[in-house]
Amino acid sequence: VVYAVYARLQIHAFPRDAMAMLDVNVTWAAILERLSKGHVEEARGLARELKGQRGASRQAAGEIALRLSACCAAQELTPLITALREIEATWSETVCLLSTSASGPEKWAACAQLAKRVSLKDVLEPGKALGLLWNERLDCPSPAELAGEPTEDVEELKSSTDPRERATMLLRSALTQLAQEPPQQKDALKDSKEALATFRDLQLPECEATALLAVSRSCIDFAEQEAFQAALQALKIFRDQGHLKGEIAAMHRLARVDQARKSFDEASYKACEALKLARQMGDRARELALCETVLEVNIAQDRPERALEAAKDAEVLAKIFESQVLLARAKCWIARAFGAYEERKMTGIKAAEEALQIYGTLNQKHGEVEALEALAAATKEDFSDVSSKSQILAEKFAESGDTKEEVQCLLVAASCREGKDSQKAMQLLQRASTAAKGLRALQGLVLLRMARLYLDREEPSEAMRAATQAGSIFRNEPYPTKKIRSGEIKCVEIQMDAHVLLGAMDEAFRVGVEQGRRFKGLRERQAEGMILMKLASLHQMRLEEESALKVLQYVPMIFNTVGDRQLEGLAWERIANSYLDAGDAVKALKAMEQCVGNFRKVNSRLMRARAALLQADVQTALVSIRKGSSLDALDAAKEATHLFQNEEAFLARAVQLLTNAHLLNGQAEEALERARESQDLARKQRQIGGEAFSLLMEAGAHLSLQDFGESQRCIRAAKDLFDSDYDESGKRSANDFAAFVQQAESGKEDPAQFRGFGFRRLNATEVRQKAKSAREAQPRRKQKTSEQSDIILWQCDPKSRDNPDGRCIITIFEGFE
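What counts, and at which threshold
Residues numbered from 1 in each chain as written. Predicted model: local features only at pLDDT ≥ 70, side-chain atom pairs only at ≥ 80, totals over all residues. Heavy atoms only, no water. Axes fitted to C-alpha atoms, helices over the stretch in contact; angles between N-to-C directions. Helix = DSSP H or I, 4+ residues; strand = E, 2+ residues; numbered from the N terminus. Contact = heavy atoms within 4.5 Å. Nonpolar A, V, L, I, M, F, W, Y, C, P; charged D, E, K, R; others polar. Buried < 20%, exposed > 50% of the residue type's maximum accessible area, 1.4 Å probe, protein only. Phe/Tyr/Trp six-rings, centres within 6.5 Å; stacked < 30°, edge-to-face > 60°. Lys NZ or Arg CZ within 6 Å of the ring centre and 35° of its normal. Parallel < 35°, antiparallel > 145°, perpendicular 65-115°, else oblique. Left-handed = near helix turned anticlockwise from the far one by under 90°. Polar contact = N/O pair within 3.5 Å; in protein donor to acceptor, adjacent residues only side chain to side chain. Salt bridge = Lys/Arg side-chain N within 4 Å of Asp/Glu carboxyl O.

1. Structural notes on the packing of helix α15 (residues 264-281) against helix α32 (residues 585-602)
α32 packs onto α15 with a crossing angle of 35 degrees between their chain directions and a minimal axis gap of 5 Å. Residues Phe264, Asp265 and Glu266 of α15 form the contact with α32, whose participating residues are Arg600, Lys601 and Val602. Its residues assigned to classes, the contact of α15 with α32 comprises two nonpolar, no polar and four charged.

Below, the structure is given as structure tokens:
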């Protein structure tokens, strides 16, 4: 029955190769069934049929079945075959169980114990070439590892005169260091590189490729490019050797590196290919690990359906293994997959609660925290239940002295409160900080959360204090992980933001420059690039656009060297916007193309939306110089609006661009509908200037429909809003547009020629001049709630009235600086 479920699962996942893959698994089950009943000749017939198929795995499985059938004819193996059938062992797992130790889960260990009583060496030979008896520790997989419960034994480095033995010990020592908490990555990298050099000198390809996998795993957190190259080289060696199991492991490692580099498209492809090979080979432990990778990648890409499919596949495997721990993990994955959906799914919440119950029964404390986090991910609206359970668990762990789990539960509870009750969230974080005093790294993460919350509450002094303490902890961490390094960067950024809120811009620059130099000296390229982006933001705050652009031009190259697609895309996005601010739409187009290329590689919903938003913005600017396409601007704005449905901060800008794109293409009815939607969004976000600008676009839509009364009404409402926001330039723009509408109403202008608005970005000199004039006219002028560019009234050239992308007559209205 389990095999039938397993077969259906694979047909659904990989329809093209399902039949080829099913032959090896289902046929092997049929062979074991016949052998258990003593029908040796029937088993041989199936084995010959399997061996005659194409593919190394099917041919090897057929040969192993033939040899096993011969052994069954020569000696009594019925108890062993029955035990193999009881655990539903695949052909590759059978080979391992015939040659491994007897430690592991009861049923799996029993198979290994039965195999020890008979001589089956001849059966193992066909599988050795495919690496069936290999694992990443250069050892035969144990029954526990085959059952999806890999164990990392502590390996002490012993002196040995044999170079191969010493290199093997170094490799296992590196893997042991990586399994510690926190992982000792630098030490592991040193040992794995030493083992690699020895294996190369001894010309041992399998061992060399295995050491390369250890190198890749050791440096993934701080040298992603090196990790990628090491895994790629390992894949080539395994593939050249016909080492199928090593090839799957190397492909999985490449997928993990691509995931770390945020190249999610490539990670998804490699993980799915490795998953297909693992299923063909019957390596269910690797299949389970790959399901987790596929889940995480698809959640990052906002593909909840595929993530859920991988999680449910993992649940099927957990039931096959009859492991409650694995079943609870799979249910956590299901909850996380449901949490990726836009709407709330009760099934996800139920799965997380079931996992929480299983972990509680097994007294798996770390698992309870995992289930609690999965429950928070699956909950969309009311977090009160999650917060209550988190605090109850925290009390339980406090009583039992499990400090780490107590702090983690308090962090979950605080995250549930941050949006609605910042005071309660701060109390929970302070309690977590007190509890975590003996756990330095965890205390640093708590202090970082406190600093961010203080900053959101506009308490810069407290934010500065917490960020400084957290940064000191992170800098002194002996084995910093990627999470620790990221936290240190965030601490520096919070300190700079706090100085800005305190009005100490020079001090913010000093901190940024000082920390940037320190990161450069430490060769922390990603941190260096992020600090440079923050310094560019400070230059832009001081209206120093040229200085900001000079800083930004080095950043994409830094992130490209690191291999982080998302950060490289964000850097190009900043550069494109800087060029738009400078009025250079052509250079902005080149930067935009680089940005879009990187965002498409990341391929998450948010990055695709930002790419579309930038395309719409750049195309609108290009149309103003007769080089762009209003149709392209419309398509990009539609895509951005669709993708930003759950991101209100970006959605308002996307709807504004879409409204204007409709006007540019002469679609007044659609523009009218979108303009009103834009006003609702602006009111919700309390953006007075944004609401006023949306009213002007509604006025433009009414003008195109020749409804002059409604157009004037919208302009008057916009003027009132500009007046309440103390925006004199906005009022001037509204007055200029009102005059144009009056001329159109009197017949002096043709309203049919109206083609919407363009946004002209003011350069730094213009902004300074306008700001100076405003200060002189009104020293105590209230700060505006939003910033917009000047607007341009576009009219279609009468000779090309039917072509929205044709030449335009442009009238510039000053304002919206």
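2. Some points on unusual backbone geometry
Residue glutamate 181 is joined to proline 182 through a cis peptide bond whose omega torsion reads 0 degrees. As for its placement among the helices and strands, proline 182 is situated in the loop between α10 (163-179) and α11 (185-201). The backbone of aspartate 302 sits at a positive phi, close to 60 degrees, despite the residue not being glycine. Unusually for a residue other than glycine, asparagine 363 sits at a positive phi of about 60 degrees. The exposure class of asparagine 363 is partly exposed, given its relative accessible area of 48%.

3. Overview of the packing of aromatic side chains
Applying the stated criterion to the full structure yields four aromatic pairs. Residue placement shows arginine 518 over the ring face of phenylalanine 519; its charged tip is 4.8 Å from the ring centre.

4. Section: the packing of helix α28 (residues 525-541) against helix α31 (residues 565-581)
Their axes nearest at 11 Å, the elements α28 and α31 cross at an angle of 20 degrees. Between α28 and α31, the interaxial angle falls into the category roughly parallel. Here α28 runs over α31; the crossing is left-handed. The segment α28 lies against α31, with Gln526, Met530, Met533, Ala536, Ser537 and Gln540 engaging Leu567, Leu570, Ala571, Arg574 and Ser578. Per-class residue counts for the contact of α28 with α31 are six nonpolar, four polar and one charged.

5. Quick look at the environment of lysine 51
The residue lysine 51 is located in helix α3 (residues 40-51) in this model. Here the alpha-carbon distance between lysine 51 and glutamate 63, two residues 12 residues apart in the chain, equals 6.1 Å. If we skip the residues at most four places from it in the chain, lysine 51 touches Arg58, Gln59, Gly62, Glu63 and Leu66. Looking at lysine 51, its side chain comes within polar contact range of the side chain of glutamate 63, at 2.5 Å.

6. Digging into the pattern of salt bridges
By the definition in use, this model includes 54 salt bridges. Close ionic contact of arginine 200 with glutamate 208 constitutes a salt bridge, the shortest N to O distance being 2.9 Å. Judged by its relative accessible area of 36%, arginine 200 is partly exposed. One salt bridge connects glutamate 544 with arginine 542, and the closest N-O pair in it is separated by 3.6 Å. Glutamate 544 gets classed as partly exposed once you look at its relative accessible area, which sits at 23%. Among the residues examined, arginine 542 registers a relative accessible area of 34% and is labelled partly exposed. Because the salt bridges share partners, they merge into one network encompassing Arg676, Glu698, Glu710 and Arg713.

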